[in-house]
Every structure is written in C-alpha cells, then in structure tokens.
Amino acid sequence: MDFVLNHKWVFLILAETVFWVSTLSFLVVRYWFNLKKLSIAFFILFLLNDLWIAAMGYFDYLRTGKFSAYQIIILVVIAYAFLYGKSDFQKLDRYIQRKVAKWRGLPEPNLPNSKPLYGMQHAKQERQNLYKHIFLFITAQGVFWLLFGLSDAVSTIQIDSLFKDWYDTTKTDLFYKNDVANNVTRIWALILAIDIVVSLSYTVAPKKEKKVTRAA
C-alpha cells in the first residue's frame, strides 16, 4: 500500500480511467454484443473501482493524519456517485441503447423516461438537480466545520466587504482553519451560484420544444 500512496495521484487517474472503461465496456458488451452475463463482470469492476478509490482516500488520511485536496477530490467523486451517478448512468444507458439500435437498423427501443423534457417538467427536473447540489454543498461545509473548525476571521466578518475579502486575495482565512477547505469552498460557491441562476432561469423562461419543419 505504501507504493500506491507514494504514487496516489497516478493511481487516482488510473482509477478514473478504469471507471470510464468499465462503464462503456458494460454498455457495449451488454447491448452491442448482447452478452448480458459477461457485462455483469464489468459492472462488478465498476463497483470495486469505487471502493478502491474510497480506500485510497481513507489510507492516505491514516498515513498523513491530515485532510488534504486529495481526500476532498475523492469525497467529491464518491458524493457524485451517490447523488448523480445513478441518473447519469441511466441517461448514458438509454443513449447507448438508442445508438446501437440505430446502427443495427433496428426499431428504436421503447425506453421509459427517455424523451427529453420541456416546459415546467424540465424546470422541475432542473430544480431537483439544484436541490441535490445545494444539499451536497451544505453537507461538505458541515464536514469541513467538524474536521477543521471555524477560523477566527469568522467573528470579524463584515457583510459589505465579504465578497472582496473572499475573492480578491490568493489565500483567504474564511471560513475554516484549512487553506484547502477554504479554496474549495469559494470555488464551489461560485459554481453553485452559477448553477442557481441557470437552473432557476428555466422556471422563469421554460425550455420550449423545437418544432421540426418538414419540406413539402
């Protein structure tokens, strides 16, 4: 394990490569070659790979005794798998099924919930995804608070200069006693703000279905 932890970034990149290879192999073997039993082996590899990523983060923490960017990235990967992994995998699954049917000249498969959403249905889906993002952000802040504690600068926060103090400097002591957690939080907060604007924009201006005009 020492060898793995000494080259932890290389093994993390390899693990992400295995994730995509195993996912695509599962879908191709299952739908192109119609080998459903063999595809299960790639699905098991997919699950074991996620466990391997979590184990690397855990043992690296035991070895260093401190929380670093490496563990934060792994936590984000695991959190994504729990919150978005299933729905995104289903979207990819349906996409591969339709593509394979098209390439083979077969009728398009009748898949549940495979049609794109428009109007208020699409807006509702965007809001639900936003709620998950907010929940994940708040959960991460709770973890940072428990691990590092709040910095002394929190007690002297001035609302009128909060944005300047947080984003105008290379380093910030808001809000936790850890530079990595602070930098991750302020970048993530900016991404979340953009997500809020984009997601809620569909409620104000719902997405409309494009009408296909046929030539006479």
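Once a new chain begins, its residue numbering starts again from 1 and follows that chain's sequence as written. Predicted model: local features are reported for residues with pLDDT of at least 70 only, side-chain atom pairs are reported and counted for 80 or more only, and whole-chain, interface and lining totals are derived from all residues. Remark: hydrogens and water are excluded; side-chain values derive from all non-hydrogen atoms of the structure.

Colleague: Explain the UniProt feature "transmembrane region" (unreviewed entry) in the chain here, please?
Modeller: UniProt positions are given in the numbering used here, feature names are shortened, and annotations may be inferred rather than shown by experiment. UniProt's entry tags residues 12–33, 40–61, 67–85, 130–148 and 187–205 with the feature "transmembrane region" (unreviewed entry), counted in the numbering of this structure. Segments assigned H or I by DSSP are reported as helices when at least four residues long, segments assigned E as strands when at least two residues long, and all are numbered from the N terminus. The span residues 130–148 is 100% helix and 0% strand, and its two end C-alpha atoms sit 27 Å from each other. Secondary structure within residues 187–205 divides into 95% helix and 0% strand; the distance between the first and last C-alpha atoms comes to 27 Å.

Colleague: In this structure, what is going on with the packing of helix 2 (residues 8–31) against helix 3 (residues 36–64)? I would like to understand it.
Modeller: Helix-helix packing is described using two parameters, namely the angle between the two axes and the distance between the axes. A fitted line through C-alpha atoms serves as each axis, taken over the contacting stretch for helices, and the angle formed by two N-to-C directions is quoted from 0 to 180°. Where helix 2 contacts helix 3, the two axes come as close as 8 Å, and the packing angle between them is 160 degrees. With respect to helix 3, the element helix 2 is oriented roughly antiparallel. At the point where helix 2 passes helix 3, the crossing takes the left-handed sense. Under this grouping Gly is polar, as are all residues other than the nonpolar Ala, Val, Leu, Ile, Met, Phe, Trp, Tyr, Cys and Pro and the charged Asp, Glu, Lys and Arg. Partitioning the contact of helix 2 with helix 3 into residue classes produces 15 nonpolar, 5 polar and 5 charged. By definition in this entry, angles of less than 35 degrees are roughly parallel, angles greater than 145 are roughly antiparallel, angles of 65 to 115 are roughly perpendicular, and the rest are oblique. In this scheme, a crossing is called left-handed if the near helix is turned counterclockwise away from the far one by less than a right angle; it is called right-handed if the turn is clockwise.

Colleague: Is there a simple way to think about the environment of Ala193 in this case?
Modeller: Mapped onto the fold, Ala193 is located in helix 7 (residues 179–204). Along the sequence, Ala193 and Ile134 sit 59 residues apart, while their C-alpha atoms lie 9.9 Å from each other.

Colleague: In this structure, what is going on with the pattern of salt bridges? I would like to understand it.
Modeller: For side chains of opposite charge, pairing can occur when their charged atoms come near one another. The term salt bridge refers to a side-chain nitrogen of Lys or Arg lying within 4 Å of a carboxyl oxygen of Asp or Glu. Considering all chains together, one arrives at 1 salt bridge under this definition. Across the pair Lys8 and Asp60 runs a salt bridge whose closest N-O atoms are separated by 3.2 Å. Of the two residues, Lys8 is situated in helix 2 and Asp60 in helix 3; the sequence distance between them amounts to 52 residues. Note on classification: 1.4 Å probe, protein chains only; a residue is buried when its accessible area is under 20% of the maximum for its type, exposed when over 50%, partly exposed between these limits. Classification of Asp60 by relative accessible area gives buried; the value is 1%.

Colleague: Honestly, the packing of aromatic side chains in this entry has me stumped. Any pointers?
Modeller: Pairs of aromatic rings are described using the distance from one ring centre to the other and the angle between the two planes. Note on aromatic pairs: the rings of Phe, Tyr and Trp (six-membered ring only in Trp) are paired at centre separations within 6.5 Å, and the planes decide the class, stacked below 30 degrees, edge-to-face beyond 60, tilted for the rest. Per the stated rule, a full pass over the model turns up 11 aromatic pairs. Here the aromatic rings of Trp32 and Trp103 are separated by 6.3 Å at their centres, their planes lie at 70 degrees, and the arrangement is edge-to-face. Residue Trp32 is located in the loop between helix 2 and helix 3, and its partner Trp103 is located in helix 4 (residues 69–103); the two are separated by 71 residues in the primary sequence. Ring geometry for Phe144 against Tyr176: centres 5.8 Å apart, planes inclined by 70 degrees, an arrangement best described as edge-to-face.

Colleague: Sorry, what's going on with helix 4 here?
Modeller: Each turn of an α-helix holds 3.6 residues, which means side chains three or four residues apart point in the same direction. An expected span of 1.5 Å times one less than the residue number is assigned to each helix. Taking 1.5 Å of rise per residue, the 35 residues of helix 4 would be expected to cover 51 Å, yet its terminal C-alpha atoms sit only 43 Å apart, more than 12% below that figure. A residue's bend is given by the angle between axes fitted to the 7 residues ending at it and the 7 residues starting at it. Of all the bends in helix 4, the largest measures some 60 degrees and sits at Tyr84. Residue Gly105 follows helix 4 closely and has a positive phi angle near 70 degrees.

Colleague: Can you walk me through helix 2 in this structure?
Modeller: Over its 24 residues, helix 2 runs 35 Å from end to end, which matches the ideal 34 Å to within 8%, given 1.5 Å per residue. Along helix 2, the residues classified as buried are Lys8, Leu12, Ala15, Phe19, Ser22, Thr23, Ser25, Phe26, Leu27, Val29 and Tyr31. At its buried positions, helix 2 is contacted by helix 1 (2–6), helix 3 and helix 4. Residues count as neighbours in contact if any of their non-hydrogen atoms are within 4.5 Å of one another.

Colleague: Would you explain the packing of helix 2 against helix 4 in this entry?
Modeller: Interhelical geometry of helix 2 versus helix 4 gives an angle of 20 degrees and a closest axis separation of 10 Å. Classified by the angle between their axes, helix 2 and helix 4 sit roughly parallel to one another. In the packing of helix 2 onto helix 4, the handedness of the crossing is right-handed. In contact with Lys8, Trp9, Leu12, Glu16, Thr23, Leu24, Phe26, Leu27 and Tyr31 of helix 2, helix 4 contributes Tyr70, Ile73, Ile74, Val77, Phe89, Leu92, Asp93, Ile96, Gln97 and Val100.

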